[in-house]
Amino acid sequence: MTRARPAATLALVALLLFVATAVWTQFARADLDWVKATLSLYLHGPWGLALRSAYCLLALAIAVLGIALYRHSVGPRRSAAAPLLFCVAAVGLATVAIGDSWLPAATPLLAPLIHGLAANTAFLCASVGMLLQAWYLRREPGWRRSAALLWGWAWLAFVLLWVHVLWRGGPPRGLGQKLVIAVIVGWLLWLALALYRRGRAAGTR
């Protein structure tokens, strides 16, 4: 488990950089209404490159966490399904970030389709992967307490995602999307911190 510490540290740094960049753009972009504008709109214009880079860092954190937990799991529910979903989510997120840097100019008609497909894939795979990973951790030695919290938290993210998708007359789209992202990123931060603490505890024994 001590070998999981570098992965957890990398994921924590990447997640915190994403959070810092995403929050900063809400204040730096006075041309956008943070309540109505989805985070994707901030990928273009001032600070767009910084946010696209932060998206790639978030994708890296998702993939690293999924792979690290799989490699260091010993419980009876160890499965490649969750890390595979996390990696697909990471690819979708990176596609949004990288594609939005050149696709709108190169293929303006195709760009929205690719963006929508990649973003929906990232959201769906990440939320389902969170549920599976939390379920696996319920039977993982030493994870019972964290797993209970992560299990409920993952369901919250899953429900909020579908409320955001299906409830068109609900809260402003920007606020709803950012709430879903905040819940997912918060879950990932908690998971990375728990993995780091377990690695540090194993290193002191």
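Residues numbered from 1 in each chain as written. Predicted model: local features only at pLDDT ≥ 70, side-chain atom pairs only at ≥ 80, totals over all residues. Heavy atoms only, no water.

(A) Local environment of the nonpolar core. Core analysis: the biggest nonpolar cluster contains 55 residues, and F18, Y55 and W187 have the highest contact counts within it. Going through the elements one at a time, α1 (4-28), α2 (48-71), α3 (81-106), α4 (111-137), α5 (144-166) and α6 (173-204) are the ones with two or more residues in this core. At 12 residues, α2 tops the list of elements feeding residues into this core. With residues near it in sequence (within four places) discarded, F18 still touches L39, A54, Y55, L58, I181 and V185. (Core = buried A, V, L, I, M, F, W, Y, C linked by side-chain atoms within 4.5 Å. Buried < 20%, exposed > 50% of the residue type's maximum accessible area, 1.4 Å probe, protein only. Helix = DSSP H or I, 4+ residues; strand = E, 2+ residues; numbered from the N terminus. Contact = heavy atoms within 4.5 Å.)

(B) Spotlight on the pattern of salt bridges. Counted according to the given criterion, the structure contains 1 salt bridge. Notably, a salt bridge pairs D31 with R29, separated by 2.9 Å at the nearest N-O pair. (Salt bridge = Lys/Arg side-chain N within 4 Å of Asp/Glu carboxyl O.)

(C) Spatial organisation of the packing of aromatic side chains. Summed over all chains, the structure comprises 8 aromatic pairs. Members of the aromatic cluster, each reached through a chain of ring pairs, are W135, W151, W155, F158 and W162. (Phe/Tyr/Trp six-rings, centres within 6.5 Å; stacked < 30°, edge-to-face > 60°.)

(D) Structural view of α1. Its 25 residues place the ends of α1 36 Å apart at the C-alpha level, agreeing with the 36 Å of an ideal helix rising 1.5 Å per residue. Listing the buried residues of α1 in full gives A4, A7, A8, A11, L12, A14, L15, F18, T21, A22, T25 and Q26. (Expected span 1.5 Å × (residues − 1).)

(E) Molecular detail of the UniProt feature "transmembrane region" (unreviewed entry) in the protein. UniProt tags residues 49-70, 82-103, 109-136, 148-167 and 179-196 as "transmembrane region" (unreviewed entry). In residues 82-103, helix accounts for 100% and strand for 0%; the two terminal C-alpha atoms are 30 Å from one another. Secondary structure content for residues 148-167 is 95% helix and 0% strand, and the end C-alpha separation is 28 Å. (UniProt positions renumbered as here; feature names shortened; annotations may be inferred.)

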